Amino acid sequence: MLQIKELTKTFGEKTAVDNLSLHIAPGEIYGFIGHNGAGKTTTLRSIIGIQDFDKGEILVDGTSVAADPIGCKKKIAYIPDNPDLYEFMSGIKYLNFVGDIFKVEPGIRKERIRKYADLFGLTQDLAQPIASYSHGMKQKLAIISAWIHDPKLILMDEPFVGLDPKAAHILKGMMREHCDKGGAIFFSTHVLEVAEKLCDKVAIIKGGHLIRFGTMEEVKGDDSLEDVFLELAEDQEAEKQGSEA
Amino acid sequence: MIGVLVKKQLMEVFKGYFYNQKKNKARSKAGTIGMLIGYAFLMIFVMGGIFAFVSLMIGPTLFGLELDWLYFLMMGMIALMLGVFGSVFNTYASLYKAKDNDMLLAMPIPVHAILISRLLNVYLLGLMYSGIVILPALIIYWIMGTFSVTTLIGGIGLILILSFFILVLSCVLGYVVAQISSRLKNKSFTTVIISVVFLGLYYIVCFRMQNFISSFLANAVLVGDTIHGKAFIVYSLGLVGQGNLISMLIWLLISGALVLLTGRIISRSFVKLATVSDVAVKREYKETTAKKRGVFGTLLAKEFGRFTASPTYMLNCGLGVLIMPVLAVAILIKGKMVADLLGSVFGPEAAVFLICLGLGAVASMNDMAAPSVSLEGKNLWILQSMPIDPVKVLMAKLSVQLLLTEIPMILVILASLIVLELTPVQMILMVLYPLLFGLMMALIDLTIGLKFPNLTWTNEMVPVKQSFSIFVALFGGWILVAAMGGLYLWKGMDMGFVTYVGICTVFEALLSAVLLVWLVKRGGKEFAELR
């Protein structure tokens, strides 16, 4: 579903993502873990095509992001780390806006809006302007808008931030359901417990380098994901200092 | 404590003098001092100068008729109006809707200190606004009328009485504004309508001020007698300025009592008022099946949605939409007379050209395409992450300006065609020239907006009012109009209307074509690459 080959992105002198390669198959929930500034958001933004990259190739369901960005975007839904939505619209207007852009049939759209808005308890607030929404409500709306067009691949940057425990639980269920139907999800998170329980595969990034990836068992073995993540991060730091010395 | 709170309040009101919103950082000391000096100059010399002039216009006549009290009554009423209207929205924002109420109430600050500081802030602003009217009026009276210890005391008393009334009225009106605001459904349109009505009233008052003053002075004795006979208490307010100390004491007692009563009423409900959350009208959600729209239609609806949701955007970039229909009616009523008048001065062809030029100038008052790219701001990721051809996004932004300019422009053109006696070729040019001018300006505005975007704003005012693109859009249009007018005087008159306006129309068409091709071929890519 998603193939990233030797992705490299630099900002001036700083290399944000360095030669990153990753493959996500249909049906997989793939977690992306790393410190702040490790290169997670840059990678996600490069996949969705709102961040150009210097080297490498990204294929979404066999379509190149660089060669056919619009074709790729038709298959993807993206939720950024901060859900800055159109505050001048009401919730329902925003969902219909997304539905129209992705050409979702009105009947199907109505059904999906009802299903997901009811799940998140957002139905009664759909007529309110987004400007009046709390951070959590905006995040719920962004999630519904991502699911409304039934994308093949869903990219999410820190999707659990701002969600209450119930909404987080619902989102986890939606993620699993989506992947069980053959879709794929690639999301970044700092909540390692969630990643450990939810993800089929996980990738750990540090300083733009992918330092370990694979199935949860391959990455963590018998340890907890938190221990492995901290240990790997420290090893990488020590290795870097050693090579500099 | 109260001093610190008042200082904070005043800093909030005048924050523009300490903080550069455009650059999102504090101004330098020199910058702040410069801004404050500029403000003081504006208030004392410009505004104060205007009211000194009004005082000079009515003062000597009334002093001569021994109607000094009527002079103070007139100037007092102007001061009262300016003071109340100048500070009512500040009262609404600082007393009833202050964003820091929760924060201050959570601190170890007595509630009465917060309330007094808020009221003092309202009082000081009211005093400032009324002062720019009443101080020049008093000075003129002391110089040209009578100066004595009693008139000096009376003058100070009058300043105090007026400022007390302004405080009371500001609190009452601020409360009314807060109540209306929390119940309005279409705040944006209501704000625009109220602003336009105020603007209209302002111009009517300015245009008619001279006539009103002349008529008032001609009937001053009659007006004075009527007030004296039928409204003695009002008459006694005028007496305060000319040094009647008994009247001063009575009015000080009345206004002081009203201030105390207002303070008491507000203090009883202040915590409730200050902590109430916005009682916005909650819209009920009714599930419906949406009509399916095409991508372009969806983008166009989104652009219209953004435009109509913001009074700032509508007022700053779309005033032409309101002016053009009014202009069409004005042309139908007075167009023939104006054309004849212009024709008698410049010649009949030049008159038609000037009207064409005027239509172009009105078209350039609409510039909603200029800030439209910048207004995407933090929402840019939405359009960029969706499967949309970026050229369609740009065309939707362009179409808003075209629809809102060209449709009302057709009304103005039709009115001109009905009223003016034109040859068939002149008629064609009268249609083509303004419409193509509107198209050219929309394309220029969008191109400039795309080339000089500001996507990091924190306040919508920045892209809509203070950006480079909006500056170019507004003044660029006027400069083009002036250039076309200047060239007409230089060469166009000799060429004749048809040849000259024909060349201008071809220029508009060519420039529009070049810009359109650029937007389609290159502009879309530039939009997609915006970060």
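Numbers given for residues are sequential positions, taken from 1 along each chain in its written order. Ligands are numbered from 1 and chains lettered from A, in the order in which they are written. The predicted nature of this model means local features are confined to residues of pLDDT at least 70 and side-chain atom pairs, given and counted, to a pLDDT of 80 or more, with totals for whole chains, interfaces and linings taken over all residues. Think of the side-chain values as coming from all heavy atoms in the structure, minus any hydrogens and water.

Novice: So what about the overall build of chain B? Which residues, and what values?
Specialist: Runs of H or I in DSSP of at least four residues are treated as helices and runs of E of at least two as strands, each being numbered from the N terminus. The secondary structure content of chain B amounts to 20 helices and 2 strands. Expressed as lengths along the three principal axes of its C-alpha atoms, the size of chain B is roughly 75 × 65 × 50 Å. Across the 531 residues that make up chain B, the buried fraction comes to 47%. Long-range contacts, defined here as pairs at least 24 residues apart, represent 85% of the contacts in chain B between residues at least 6 apart. For every accessible area listed, the method is Shrake-Rupley and the probe measures 1.4 Å; residues are considered covered only by the protein chains on display. Surface exposure of chain B reaches about 26400 Å², of which carbon and sulfur atoms provide 73%. A residue counts as positive if it is Lys or Arg and as negative if it is Asp or Glu; His and the chain ends are not included. A charged residue contributes its charge at one atom only: NZ of Lys, CZ of Arg, CG of Asp or CD of Glu. For chain B, the distance from the average site of its 39 positive side-chain charges to the average site of its 23 negative ones is 11 Å. To sort residues, take the accessible area from a 1.4 Å probe on protein chains only and compare it with the maximum for the residue type: under 20% means buried, over 50% means exposed, and anything in between is partly exposed. The contact criterion used is simple: two residues touch if any of their non-hydrogen atoms lie within 4.5 Å.

Novice: So what's going on with unusual backbone geometry? Residues and values would help.
Specialist: Notably, lysine 103 of chain A is not glycine yet its phi reads approximately 55 degrees, a positive angle. Mapped onto the fold, lysine 103 of chain A is located in the loop between helix H3 (91-101) and helix H4 (106-120). Lysine 103 of chain A gets classed as exposed once you look at its relative accessible area, which sits at 53%. With a phi angle near 55 degrees, glutamate 66 of chain B is a residue other than glycine that sits in the positive phi range. Position of glutamate 66 of chain B relative to the elements: it lies in the loop between helix H2 (29-64) and helix H3 (68-96). Overall, the relative accessible area of 68% leaves glutamate 66 of chain B in the exposed class.

Novice: So what about a negative patch on the surface? Which residues, and what values?
Specialist: Residues and elements named next belong to chain A. Residues enter patches when they are more than 30% accessible in relative terms and free of salt bridges; like-charged ones are connected within 9 Å and nonpolar ones (Val, Leu, Ile, Met, Phe, Trp, Tyr) within 5 Å. Any carboxyl oxygen of Asp or Glu that lies within 4 Å of a side-chain nitrogen of Lys or Arg is treated as forming a salt bridge with it. Where like charges cluster on the molecular surface, the negative patch consists of Glu193, Asp222, Asp223, Glu226, Asp227, Glu231 and Glu234. Counting residues per element, the negative patch draws most heavily on helix H9 (residues 225-244), which supplies 4 residues. Judged by its relative accessible area of 40%, glutamate 226 is partly exposed.

Novice: Describe the packing of aromatic side chains, listing the residues and the values that go with them.
Specialist: Two rings from Phe, Tyr or Trp (for Trp, the six-membered ring) form a pair when their centres are within 6.5 Å of each other. A pair whose planes differ by under 30 degrees is stacked, one over 60 is edge-to-face, and the rest are tilted. Taken as a whole and assessed by the stated rule, the structure comprises 27 aromatic pairs over all chains. Where phenylalanine 353 of chain B meets tyrosine 500 of chain B, the ring centres are 5.5 Å apart and the plane angle is 70 degrees; that geometry is what we call edge-to-face. Taken together, the positions of phenylalanine 353 of chain B in helix H14 (residues 348-363) and tyrosine 500 of chain B in helix H20 (residues 497-528) put the pair 147 residues apart, joining distant regions of the chain. By way of ring pairs, the aromatic residues Tyr86, Phe88, Tyr94 and Phe97 of chain A are connected into one cluster. Charge-over-ring placement is defined geometrically: NZ (Lys) or CZ (Arg) within 6 Å of the ring centre, and within 35 degrees of the ring normal. Lying over the aromatic face of phenylalanine 11 of chain A, lysine 9 of chain A brings its terminal NZ or CZ to 4.9 Å of the ring centre. For the cation-ring pair, lysine 491 of chain B lies above tryptophan 490 of chain B, with the distance from its terminal atom to the ring centre recorded as 5.2 Å.

Novice: Lay out the environment of phenylalanine 468 of chain B with the relevant residues and their values.
Specialist: One can find phenylalanine 468 of chain B in helix H19 (residues 468-495). Separated by 20 residues in sequence, phenylalanine 468 of chain B and isoleucine 448 of chain B have C-alpha atoms that sit 8.5 Å apart.

Novice: Any details on the sheet that holds strand S5 (residues 63-64) of chain A? Residues and values, ideally.
Specialist: All names here are of chain A. In this scheme, strands are said to pair when DSSP sees at least two bridges between them. An order of S2-S1-S4-S5 is seen for the 4 strands of this open sheet, with the pairing classed as antiparallel. A single partner strand is all that each edge strand has here, and the edge strands are strand S2 (14-24) and S5. Examined bridge by bridge, strand S4 (residues 55-60) and S5 share 2 bridges and lie antiparallel to one another. Looking across to S5, one finds that valine 60 is bridged to threonine 63.

Novice: Outline the packing of H14 of chain B against H20 of chain B, supporting the account with residue identities and numerical values.
Specialist: Residues and elements named next belong to chain B. Where H14 meets H20, the axes come as close as 10 Å, and the angle between the chain directions of the two elements is 20 degrees. Judged on the interaxial angle alone, H20 and H14 are roughly parallel. Here H14 runs over H20; the crossing is right-handed. For the pair H14 and H20, the contacting residues are Glu349, Val352, Phe353 and Cys356 in the first and Phe497, Tyr500 and Val501 in the second. When residues are sorted by character, Ala, Val, Leu, Ile, Met, Phe, Trp, Tyr, Cys and Pro go into the nonpolar class, Asp, Glu, Lys and Arg into the charged class, and all the rest, Gly among them, into the polar class. Each residue belonging to the contact of H14 with H20 can be placed in one class, and the counts come to 6 nonpolar, no polar and 1 charged. As a rule, the C-alpha atoms of each element are fitted with a line to give its axis, helices using only the stretch in contact, and angles between N-to-C directions run from 0 to 180 degrees. Roughly parallel here means an angle under 35 degrees, roughly antiparallel means over 145, roughly perpendicular means 65 to 115, and every remaining angle is called oblique. Two helices crossing with the near one rotated counterclockwise from the far one by less than a right angle form a left-handed crossing, whereas a clockwise rotation gives a right-handed crossing.

Novice: Describe in detail helix H11 (residues 295-309) of chain B, supporting the description with residues and values.
Specialist: What a helix is expected to span follows from its residue count: subtract one and scale by 1.5 Å. Between the first and last C-alpha of H11 of chain B there are 21 Å, a value that for 15 residues agrees with the 21 Å anticipated at 1.5 Å per step. Among all positions in H11 of chain B, only Val295, Thr298, Leu299, Leu300, Lys302, Glu303, Arg306 and Phe307 of chain B are buried. Against the buried residues of H11 of chain B lie H3 of chain A together with helix H12 (311-317), helix H15 (380-385) and helix H16 (390-419) of chain B.

Novice: A description of the pairing of strand S1 (residues 2-11) of chain A should follow, citing residues and the corresponding values.
Specialist: Sheet faces and side chains relate simply in a regular strand, where the side chains alternate between the two faces. Residue and element names in this part refer to chain A. Where S1 and S2 come together, 7 bridges link them in antiparallel fashion. Within the sheet, the bridge partner assigned to glutamine 3 lies in S2 and is histidine 23. The turn linking S1 back onto S2 is made up of 2 residues, and glycine 12 within it adopts a positive phi angle of 65 degrees. Strand direction decides the pairing type here: S1 and S4, joined by 5 bridges, are antiparallel. Bridge pairing links lysine 5 to glutamate 57 in S4.

Novice: Tell me about the sheet that holds strand S8 (residues 184-188) of chain A, residues and numbers included.
Specialist: Residue and element names in this part refer to chain A. An order of S6-S7-S8-S3-S9-S10 is seen for the 6 strands of this open sheet, with the pairing classed as mixed. Two strands lie at the open edges of the sheet, namely strand S6 (76-79) and strand S10 (209-215), each paired on one side alone. Each strand axis lies, on average, 15 degrees off the axis of its neighbour in the sheet, ignoring direction. The pairing of strand S3 (residues 29-34) with strand S9 (residues 201-206) spans 5 bridges and is classified as parallel. Residue pairing across strands places phenylalanine 32 opposite alanine 203, the latter belonging to S9. The strands touched by helix H1 (residues 40-48) within the sheet are S3, S6, strand S7 (153-157), S8 and S9, with S7 carrying the most contacts at an inclination of about 145 degrees.

Novice: Account for the interface of chain A and chain B, with residues named and values stated.
Specialist: Taken together, the contacts link 39 residues of chain A with 32 residues of chain B. Put simply, chain A and chain B have 2 salt bridges between them. The closest approach of N and O atoms between glutamate 105 of chain A and lysine 292 of chain B, which form a salt bridge, is 2.7 Å. Polar contact is defined as a pair of N or O atoms within 3.5 Å, subject to the rule that within protein one atom must be able to donate a hydrogen and the other to accept it, and that residues adjacent in sequence are counted only when both atoms are side-chain atoms. The interface formed by chain A and chain B holds 9 residue pairs in polar contact (both at pLDDT 80 or more) in total. Taken together, the residues of the side of chain A that touches chain B break down into 20 nonpolar, 7 polar and 12 charged.

Novice: A description of a nonpolar patch on the surface should follow, citing residues and the corresponding values.
Specialist: Residues and elements named next belong to chain B. On the surface, Ile233, Val234, Ile246, Ile250, Ile254, Leu258, Leu261 and Ile265 cluster together into a nonpolar patch covering about 670 Å² of accessible area. Sorting the residues of the nonpolar patch by element identifies helix H9 (232-241) and helix H10 (245-275) as the ones contributing at least two each. Looking at the nonpolar patch, the element that brings in the most residues is H10, giving 6 residues. Inspection of the secondary structure assignment puts isoleucine 233 in helix H9.

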